[in-house]
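Listed below, chain by chain, are the residues.
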Amino acid sequence: MKKLVVLMQAVVISSLLSGMLAVVACAADKPALTVADCDKCHTAAPADIAANGGAHKTSLNCQDCHAGHPPLVKKIIPACSQCHTGKAHYNLSNCLRCHTNPHTPKIIKLTNNITDECLTCHTEQIVKLKQVKSKHSALACTFCHNVHGKVPLCTQCHKPHSPEMTATECKKCHQAHMPTAVYMSANTPNKMCAPCHKRPYETLASSDAKHRNLLCVTCHKDKHKMIPTCQSCHGVPHAAGIMARFTKCSDCHNIAHKLNHWDPGTLDTSDKDAPVPLPKKGARKKK
Ligand code: HEC
Ligand code: HEC
Ligand code: HEC
Ligand code: HEC
Ligand code: HEC
Ligand code: HEC
Ligand code: HEC
Ligand code: HEC
Ligand code: HEC
Ligand code: HEC
Ligand code: HEC
Ligand code: HEC
């Protein structure tokens, strides 16, 4: 019964329409099919355009894309390339894969295996992914960006190095598209190094020398694993005669994380050429 009604409706519509169009075609003074007529018979397309038509609503009307109507005009579905040409993006195949509905062009559906198509607009990220090979380089863009324009948190896929480390803090050391090239921001707090470097962290924290007040990254700056020389900050602190005999700062000062203390004045540096004695044991302050 329902089928029959549908069939009858279809017959009525098509005869009505072909009559109407036939009349329009041969007698210009009769009413033509206009944009105002479309929603008399079609509901989905007008509703979609009204809700999310974007530029296809504001810059176009139905008939800019659908010129004519069956049965008089058989092919009224436009190719996107009819209007969109001249950019790499417009040379992709099967536009409706992503822009699934031409009446809602900005609503884009992405599968999780897309990379090449993204490169028609974004080039910076692939350069990084290729320059610094990591396990991220093998992933598709949409493995992480499955909704266009959305940026995931690292912690969606990874555990932080310590429970108190938050998702926004990953950026202090990592970049998403070159995650293994670890560069430290200049304000990275010492506790962020602690999960992996417990001993240096605790040694420095328990030291009473002034280095304790410095950030790890003030010395180990920029690229991870960088080790500074003492001279890069202190220049030449002692007379040449001293340094001629004791080539390493550590001969007297121990390590940077736990400096020795010396009472001032225990070194006689007045005679630049005199052999320099080591400070006497008793000169060393008690810790
Ligand atoms: C009187 C009812 C009626 C009106 C008014 C009408 N259509 Fe249709 N339209 C139909 C029917 C019925 C079909 C299916 C025809 C067919 O497949 O042969 C159809 C099919 C279509 C198709 C699909 C064609 C295809 O190749 O798949 C498009 C696009 C379309 N109409 C657009 C429009 C536009 C744009 C307007 C307004 C300018 C409009 N229609 C006005 C009844 C109507
Ligand atoms: C930017 C061009 C464009 C505009 C503007 C446009 N359409 Fe379409 N329309 C298309 C394309 C392309 C298809 C084919 C979609 C497909 O193959 O899935 C289509 C399909 C259709 C269809 C058949 C499939 C369906 O969704 O039922 C109808 C009916 C239709 N359009 C009606 C309209 C009406 C009515 C308007 C105005 C309110 C309109 N279209 C505006 C490009 C457009
Ligand atoms: C009749 C011409 C015409 C056709 C056919 C057409 N478009 Fe458009 N489209 C436009 C115009 C005009 C604009 C607005 C200016 C621009 O972005 O170039 C536009 C804008 C868009 C936008 C941006 C929408 C926004 O709101 O910013 C997308 C996406 C788009 N079109 C996709 C498509 C796809 C996919 C197809 C094929 C299914 C298609 N267009 C077919 C004319 C057309
Ligand atoms: C792999 C998915 C995908 C395919 C395939 C695709 N697009 Fe797009 N398109 C996008 C994304 C993502 C955007 C960006 C949307 C935004 O800026 O919000 C976009 C934006 C657009 C825009 C608006 C911005 C601009 O630069 O003009 C137009 C027009 C457009 N696409 C047309 C097309 C056409 C035509 C085709 C087929 C030749 C096509 N698209 C194929 C994903 C796709
Ligand atoms: C037609 C061009 C176009 C295509 C194709 C395209 N995008 Fe975009 N994308 C844009 C534009 C335009 C923006 C907004 C730019 C902005 O805000 O700086 C954007 C924004 C983004 C953002 C958010 C940027 C931010 O700063 O928050 C991400 C992530 C993104 N796109 C990923 C992708 C991925 C992944 C693909 C492939 C599926 C893709 N895009 C395809 C044009 C495109
Ligand atoms: C959508 C999931 C996802 C997101 C989001 C994500 N990753 Fe990954 N990441 C992976 C996968 C999958 C691997 C490979 C794991 C494996 O094979 O063991 C990986 C590997 C890594 C590696 C090791 C790379 C190597 O070559 O050894 C680092 C470092 C990393 N991710 C850091 C990050 C950081 C930092 C962020 C945020 C900026 C992030 N990831 C966001 C999925 C993700
Ligand atoms: C392992 C997950 C992952 C992969 C794979 C990935 N991204 Fe991202 N992307 C992210 C994360 C996380 C951010 C946020 C970075 C931030 O906030 O600093 C991001 C940011 C972006 C942005 C915003 C601007 C920027 O560079 O920070 C764009 C655009 C973007 N990605 C595009 C792409 C493209 C294109 C691809 C493929 C060539 C891709 N992404 C691959 C996780 C990923
Ligand atoms: C203080 C700097 C720093 C911060 C902050 C940081 N990381 Fe790392 N991360 C590193 C270093 C350094 C490595 C590399 C260790 C190596 O060479 O083996 C690493 C390695 C990784 C790896 C590779 C596997 C592993 O555990 O060795 C993943 C995944 C990772 N980080 C995710 C994250 C996430 C997620 C965040 C944010 C919650 C984050 N990182 C915050 C410095 C940091
Ligand atoms: C995710 C763990 C992780 C984090 C977080 C981390 N590192 Fe490392 N770091 C390592 C690993 C693994 C090595 C390599 C150890 C080796 O080669 O013996 C290393 C090596 C180093 C080295 C070189 C050691 C040597 O003997 O040459 C320095 C310096 C260093 N890290 C400083 C830091 C600083 C400063 C921070 C905090 C800003 C930090 N690291 C954060 C894992 C980490
Ligand atoms: C990144 C720069 C930097 C590096 C590298 C550095 N220092 Fe320092 N050092 C400082 C600063 C800053 C102070 C504190 C100065 C002040 O407060 O007067 C300091 C203080 C000292 C002091 C006085 C300690 C005290 O508690 O009175 C000695 C001794 C010293 N440094 C020796 C060294 C030695 C030895 C090395 C190499 C193992 C070294 N420094 C590496 C920046 C640095
Ligand atoms: C004043 C500069 C300075 C500060 C601050 C500093 N370091 Fe160092 N670090 C050095 C120097 C110089 C070396 C090389 C050994 C030496 O001469 O003391 C070193 C060596 C290391 C090493 C490799 C040797 C080892 O002890 O395992 C690691 C790892 C390290 N530092 C991590 C850290 C961490 C983590 C912090 C913060 C808690 C930190 N450093 C703070 C200067 C510094
Ligand atoms: C022969 C032992 C010896 C050697 C080698 C040595 N120092 Fe010293 N240094 C001392 C003594 C003793 C003092 C004075 C004690 C004091 O001021 O705390 C001193 C003082 C310093 C001070 C000033 C501390 C302050 O509070 O003003 C700095 C900085 C310093 N040394 C850095 C270095 C550096 C860098 C090297 C390697 C290039 C080095 N020293 C080599 C013994 C030595």
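In this text the structure is predicted, and so the values were computed from the model without any measurement. (Residues numbered from 1 in each chain as written. Chains lettered and ligands numbered in written order. Predicted model: local features only at pLDDT ≥ 70, side-chain atom pairs only at ≥ 80, totals over all residues.)

1. Comments concerning the overall build of the protein
- When helices and strands are counted, the protein shows 12 helices and four strands.
- By the burial criterion, 6% of the 287 residues in the protein qualify as buried.
- Expressed as a percentage of contacts within the protein between residues at least 6 apart in sequence, the contacts between residues at least 24 apart total 59%. (Helix = DSSP H or I, 4+ residues; strand = E, 2+ residues; numbered from the N terminus. Buried ≥ 20, exposed ≤ 12 C-beta atoms within 10 Å, placed from the backbone. Contact = placed C-beta atoms within 7 Å.)

2. Section: the site of ligand 9
- By nearness alone, 14 residues border ligand 9, and Cys 193, Cys 196, Cys 216, His 220 and Lys 225 come closest of all.
- Counted by class, the shell around ligand 9 contains eight nonpolar, five polar and one charged residues. (Near = placed C-beta within 6 Å. Nonpolar A, V, L, I, M, F, W, Y, C, P; charged D, E, K, R; others polar.)

3. Considering the site of ligand 11
- Lining the immediate environment of ligand 11, one finds 18 residues, of which Cys 193, Cys 216, Cys 219, Ile 255 and Ala 256 sit closest.
- Where the shell around ligand 11 is concerned, the elements lending two or more residues are α8 (198-206) and α9 (216-219).
- Here the residues of the shell around ligand 11 are counted per class, giving 11 nonpolar, seven polar and no charged.
- When we break the shell around ligand 11 down by domain, the ones giving at least three residues each are domain 2 (182-228) and domain 3 (234-283). (Domains from an automatic or database assignment.)

4. Quick notes on the environment of Ala 36
- One can find Ala 36 in helix α2 (residues 35-41).
- With 9 C-beta atoms packed within 10 Å, Ala 36 lands in the exposed category.
- Distance from Ala 36 to Cys 62, taken between C-alpha atoms, is 9.5 Å for residues 26 residues apart in sequence.

5. Quick word on unusual backbone geometry
- The step from Pro 70 to Pro 71 runs through a cis peptide bond, and the omega angle for that step is 5°.
- If you trace the backbone, Pro 71 turns up in the loop between α5 (62-65) and α6 (124-131).
- With a phi angle near 65°, Asn 254 is a residue other than glycine that sits in the positive phi range.
- With respect to the helices and strands, the residue Asn 254 is situated in strand β3 (residues 254-255).

6. As for the confidence of the model for the protein
- Per-residue pLDDT for the protein averages 86, and the proportion of residues at 70 or more is 80%.
- Confidence drops under pLDDT 50 across residues 280-287; counting only partners more than four residues distant or on other chains, this segment forms 10 contacts. (pLDDT = per-residue confidence, 0-100.)

7. Considerations on the environment of Cys 196
- Within the element layout of this structure, Cys 196 appears in the loop between β1 (183-184) and α8.
- Residues Cys 196 and Ser 162, 34 residues apart in the sequence, show an inter-C-alpha distance of 9.3 Å.

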